[in-house]
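# A look at the structure
Now for the letters of each chain:
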Amino acid sequence: MAGAQDSLLTFFVNGKKVTERDVDPETMLLPYLRKRMGLTGSKYGCGGGGCGACTVMLSRYHVQNRTVSHCAVNACLMPVCQLQGVAVTTVEGIGNTKTKLHPVQERIAKAHGSQCGFCTPGMVMSMYALLRNKPQPCMEDITETLAGNLCRCTGYRPILDGYRTFCEVSDCCQSKGGACCLNGNSPEENGPKGSGLTNGGDCPSLSNGNEVTNKHSDQVNGKEVTDNLQNGHLELFNKDNLLPLDPTQDLIFPPELIRMAERGEQVTQVFRGERVTWVSPVTLEEVVDLKAQHPQAPIVMGNTNIGLDMKFKGVLHPFIISPSRVADLFEVTHTPEGVSIGAGCTMSVLREVLEELVRTLAPEQSETHRALLQQLGNLAGAQIRNVATLGGNIASAYPNSDLNPVLAAANCMLTVVSKEERREIPINKDFFQGFGKTILQPQEIVLSVFIPVSKKGEFVRAFRQAPRKENALATVNAGMRIRFRPGSSVVEELSLFYGGVGPCTLAATKTCQQIIGRSWSEETLSAAYPVLLEELALPSSAPGGKVVFRRALTLTFLFKFYLQMQQILTEMGVMSEGVQQDMRSALTGLPSHFLPSYQDFQDVLVGQPGQDPVGRPMMHRSALSCATGEAVYCDDMPQQQGELSLTLVTSTKANAKIIDIDVSAALALPGVVDVITASDIPGKKFRTFCGLTEELLAEEEVTCVGQMVCAVLADTKAHSKRGAAAVKITYQDIPNLVLTVEEAIEQKSFFCPPREIGRGDVTEGFKMADHIHEGEIRIGGQEHFYMETQSMLVVPVGEEREMNVYLSTQHPSYAQDSIAETLNIPSNRVTCHVKRVGGAFGGKVTKTSIMACITAVAAWKTERPVRLVLERGEDMLITGGRHPVLAKYKVGYKNDGKITATDVNFYVNGGNTVDESPLVIEKILLHFDNAYNIPNFHGTSFACKTNLPSNTAFRGFGVPQCQLVTEHIISDVALKLGRTAEEIREMNMYRGPSMTHYKMPFDPENMLLCWEECKRRACLESRRMDIAQFNQHNRWKKRGIALVPIKYGVGFSEAFLNQAAALVNVFLDGSVLVSHGGAELGQGIHTKMQQVASRELRIPTSLIHISETNTHTVPNTCPSAASFGTDANGMAVKDACETLYSRLEPLRKKNPTGTWQSWIKDAFLEKISLSATGYYRGHDLYMDWEKQEGLPYAYFTYGACCCEVELDCLTGDYRTVRTDMVFDIGRSINPSIDIGQIEGAFMQGVGLYTSEEKMFSPSGVLYTRGPGQYKVPAVCDVPLKFNIYLLPGTQNPHAIYSSKGIGEPAVFLGCSVFFALKDAVVAARGDAGLSGPFTFHSPATAEKTCLACASHLTQMVPMNNPGTFQPWAIDTP
Ligand SMILES: Cc1cc2nc3c(=O)[nH]c(=O)nc-3n(C[C@H](O)[C@H](O)[C@H](O)COP(=O)(O)OP(=O)(O)OC[C@H]3O[C@@H](n4cnc5c(N)ncnc54)[C@H](O)[C@@H]3O)c2cc1C
Ligand code: FES
Ligand code: FES
């Protein structure tokens, strides 16, 4: 290496200079900010660039044009070594609650876009970076910017609405000078017939909505309500008085960095860490020298490929070359023949260059540029595009790189350099050699990429299908180029390149040869399909699975290309017949324009004092702290003195005996302190659930991959991880592997005897039926994907065996009791603290407690604080999720659609330990009637024991699975009879005074009201007609609509779980501290408790504080679950406040003009206690399974949801164009929080039923261990119009202030998207000549939906014969 060298790194963070000497090259910016700088606002959500929780902004000064650029990046993938001369801005650097908020922080909070808040700083920073570059963005800019940020709580709608306020032109029709669309039928509402975006023209929905909301009165309702009135409509947040965007508030780019850059004194930097040396050269000469000396060293640019390898695959690169300051790699040179783009240019820069060329070149010259732009628009999220480089994408040679097929098809060239030579090589069929392999020599680097202009008569197109519309690697993609003989349709040149159908980008050379020389016609195409299928023959067990779908996509893209070219040839006058009208639907995209959504809620009752916040939309009390990064989550707690990090070692076998655990290699590693095994546990070594035991750490046997065996303790996370990787466990396989429910049934592998329930006589019911239909449906499992992974910190107090435990759990008391039993100490020595939880959804109860026990053993043994924070992959592997279910059903029905009998067997995959599976199978049986009074009705439910990681509670607890089965049965009956599913639903609904199948009386009136109201507001009838028209005119795009009802029981059927307690302390200054048993999971329970206390004590919420949930203050609490948290804890807080308020009564009488503060002072002087406990006994609910009757729920929450989708039948892609939901939630305590719960749960349901697919290998290994492989809904999945209506005028005598629980029910209503898709598929199948019921399992992924459409293309793909090969992934239910 020649020239000067340095190991001093200089950069700025939030305006402060940071200098680092010899920083460890393995350190990424995220842990650096969080652990080293104490800036914990940026969060860890996945560590792999897939979730956006870690988003920060990087600013750089460019000497050439003296400008500063800003971009959002993922701090988790950004090596600190790359920050020389960079200014980093984190969420803490833009505003805070103590001095001044930034508008991006304020607006997301005020718009209710923050629930658990864990994603919020990332959202804030993505939006902030956008505004720095474009202060007046449009809605498309916002949705594109947020595409790389995941939120598991909100459903995104409120985030979009909050940030919509930055748009110069609001999307509201009023901005175009008309009457507001929210007040009636706007021009936008009345879209073209058949567009599906209409309100049906004469739909009364919106105008009637105002009748519901306009009951307000300024005088009685007070300022808060009046402020939320906009356009005469009650709004969830007040858009007036928002902080204006003020660029002067932004941090300036550090002048010192400008001076540094202008001095131009760049020297090679070398950083040496524990295992890795990093060299950052400044000249190309140095780079090629270094490459000659270290040919195996990777070139690290964006680190989006190498970073993942090092983090997740354990690849170690001892020497890294990072030429990100070498100017030659960033040169862009234009010639008449094309453009040469430096390989170091990021995707974002590439996009800018191409956009400029498209603007300036003649259209015929920019064919390739437009095709590349199309791929770039969907390539990853903005944060990745801002760092990932063109050269990196090409050299990584991903099989599903989006650029490579286009670059190859378009004859692009590379300039590569090495010490010996500089050469030009084409990106062609010989360039890609295999997975991650190209013909590049190890010592060569890519200098630039030449993209030629297209020639006259040449056309280039790009295609892509991915598991999610945005921020997802393509399943299959393609780049295609064609040149026709001038003036004819004869093909002269053709290049077809595909990605995703082999180990690397592949050329379909034989197919091209088949076509070249022929005229562009259907005959030519038909002859080409079999050649293509043979040429790109994907083996049945190919990695990635989805073999038939992927093969079908190769044909689909060729078909689409054919139609596109046919259209062009017609426009050119070469072909006489253009694309048939109905076929054109293959060429258009799916709708993507967001329309204003509508949230309709009840106003407070006339006469309610202005100060009383109950019933009013009130911002989540932590929203501002979350938006500024000040909110403290478990892993944000500062490092403790002597703290150790724990990493779990988990089983790699699904069923095996443990022969030996060898920890010697681990103990020999630097930093490793100890290894904890089962023998270290001083007390109980297992937990008992439903009468069965689960070992904390496996001792003799493992029964799933991912089972916890031991745990390594070290001084740092990196060291404990390396230690864990070094533990050697020897296993002896136990041959009997049970993974699927079919295998469990065959081997009678169940946790408990099946549960059974019924009413009437099904045998008689089937006899009465005119028709009988039998079928089955599979419902896949679901990963909780809470944004905050499992986190805990156990701190030994140091005396009397006391332990302080800080953890992210829904059930602190259970963790306390478990830890006490594990350590063999009384519970009074263990205090569990929960400040807040970054999402839980049922997944932070049982496994969290087991992990807390293991962490406590480690702290006990070492007498040091121990922290365990799971990485995303570990979390997904270990903690299980929602139970997958296989349901086999038989239904009898009359000719008119009346169902006479249903018999269903539910097989639930419980996994390797019992956990809560027996309770889940019970809840399935209690809910599978849903809204229907089927007279003869029987269900049996089995909890299957398998060798997969144990499944556990998940929002809805079996209800989303069983009710899908019921609705599927109904839709099958409708298909059999040729009727709409809504007709069959209506015909079979409960009506009048009713009784459930477990003999619980109830009145379904509100359920029917929701149904009717939803039907009316969604204009179901008229839209059905529009859709039929649309479908008639479009062969390859189909619309579908579905309306689904829900009846959801709230409360725990185990009576003791319904109790709650609270402690309310008043201090002498009048401030109040409320403590209760509920944990804040993002569901806003603390906000609601604040509202309850405010009403009861008649004081403003600003006087009331809630600090945390801990087992010291309120003991023996129940889990925050079952949608019952507010019902139970609200009553306990109310009770305590009532006690306090009545104690003050004499003082108020004595001094009626006094203030709250004066009465409190007086009370103290008069020795009146200012502390009160509150208690709520809860409902005495029960279920007698012997008698099959009971009162397992306190009441029912009702709702209905109508969704319309548009489906691309050729790819399976779809878009929800509109959703209308009506819910009866009684009198909402806080409409903004409740609507947030509804929207968030709905979107989680959409994920469950359409995109979230857990995949296991045939040996039981979970493949889907991060956001890269597992697709939770993102911004692109939000319905384009998303209306929520809370049913007015309803009461609920069974819960506090007449409210109802709403945390869980809306998950199920996500299935209206599933059934709308099914409806669209039915239309597609109709065109294919098929009718009647068909196999349609959940999730209805693009793969399943596309194949169900049974197009001529999917029919061409030979089906794999089951049993003749080993599939890549198993069917898990
Ligand atoms: C969350 C996420 C989503 C993604 N989504 C997509 C997507 O939708 N579509 C898609 O196509 N890709 C996607 N990618 C992949 C991404 O585009 C590539 O990882 C990226 O382009 C690689 O560039 P880099 O600069 O980060 O490479 P690095 O990780 O820095 O390097 C990658 C490899 O390329 C080599 N290399 C880099 N530059 C050169 C050079 N100039 N000469 C020779 N070798 C070089 C390195 O030696 C190394 O082996 C995604 C990645 C992530 C993390
Ligand atoms: S933590 Fe960085 S993207 Fe998920
Ligand atoms: S608020 Fe977005 S993940 Fe919880």
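Up top is the structure.
What you see is a predicted model; the values in this text were computed from it and never measured. (Residues numbered from 1 in each chain as written. Chains lettered and ligands numbered in written order. Predicted model: local features only at pLDDT ≥ 70, side-chain atom pairs only at ≥ 80, totals over all residues. Heavy atoms only, no water.)

Another point: the pattern of salt bridges. Across all of its chains, the model carries 79 salt bridges by this definition. As a salt-bridge pair, Lys469 and Asp1277 come within 3.2 Å of each other at their nearest N and O atoms. Here Lys469, found in the loop between strand E19 (458-465) and strand E20 (476-484), pairs with Asp1277, found in the loop between helix H36 (1231-1251) and strand E55 (1282-1286); they are 808 residues apart in sequence, far enough to count as distant. Relative accessible area serves as the criterion here: at 24%, Lys469 is assigned to the partly exposed category. The class of Asp1277 is buried, set by a relative accessible area of 11%. Put simply, Arg34, Lys35, Lys43, Asp635, Asp636, Glu643 and Arg867 are held in one network by salt bridges that share partners. (Salt bridge = Lys/Arg side-chain N within 4 Å of Asp/Glu carboxyl O. Helix = DSSP H or I, 4+ residues; strand = E, 2+ residues; numbered from the N terminus. Buried < 20%, exposed > 50% of the residue type's maximum accessible area, 1.4 Å probe, protein only.)

All right, on to the packing of aromatic side chains then. Across all of its chains, the model carries 31 aromatic pairs by this definition. Plain terms: the ring middles of Trp520 and Tyr562 are 5.7 Å apart, the flat faces sit at 45° to each other, and that makes the pair tilted. With Trp520 in the loop between helix H16 (509-515) and helix H17 (522-535) and Tyr562 in helix H18 (residues 547-571), this residue pair connects regions lying 42 residues apart in the sequence. Trp520 gets classed as buried once you look at its relative accessible area, which sits at 2%. By the ring-pair criterion, three or more aromatic residues cluster together here, those being Phe459, Phe463, Phe484, Trp520, Phe557, Phe561 and Tyr562. A cation sits over an aromatic face here: Lys239 above Phe237, 4.9 Å from the ring centre. Just above the ring of Tyr1141 sits the side chain of Arg1148; from NZ or CZ to the centre is 3.5 Å. (Phe/Tyr/Trp six-rings, centres within 6.5 Å; stacked < 30°, edge-to-face > 60°. Lys NZ or Arg CZ within 6 Å of the ring centre and 35° of its normal.)

Below, the discussion takes up the pairing of strand E47 (residues 1072-1076). For E47, a buried count of four out of five residues is recorded, marking the element as mostly surrounded by other parts of the structure. Bridging between strand E46 (residues 1060-1066) and E47 involves five bridges; their strand directions are antiparallel. From the neighbouring strand, Asn1065 faces E47, where its bridge partner is Leu1073. Hairpin geometry of E46 and E47 is characterised by an intervening segment of five residues between the two adjacent antiparallel strands and by a positive phi of about 95° at Gly1070. Two elements, E47 and strand E48 (residues 1104-1105), share two bridges in a ladder whose sense is parallel. Each residue of the ladder has a partner; that of Val1072, found in E48, is Ile1104. Handedness of the crossover joining E47 and E48 through helix H32 (residues 1085-1097) is recorded here as right-handed. (Pairing = 2+ DSSP bridges. Right-handed = clockwise from strand over helix to strand, strands pointing away.)

Not every one of the 32 residues close to ligand 1 is listed here, only the nearest: Met301, Thr304, Thr389, Asp402 and Val446. A distance of 3.0 Å separates an oxygen atom of ligand 1 from a polar side-chain atom of Arg464. In isolation ligand 1 exposes 970 Å². Once the protein is present, 93% of that is buried. Counting only elements with at least two residues in the shell around ligand 1, the list comes to helix H10 (306-312), helix H14 (390-396) and strand E18 (445-452). In terms of residues, the shell around ligand 1 owes the most to one element, H14, which gives five residues. (Near = heavy atom within 4 Å. Polar contact = N/O pair within 3.5 Å; in protein donor to acceptor, adjacent residues only side chain to side chain. Areas by Shrake-Rupley, 256 points an atom, 1.4 Å probe, with all protein chains shown as cover.)

These results come straight from atomic positions and should not be treated as a statement about function.
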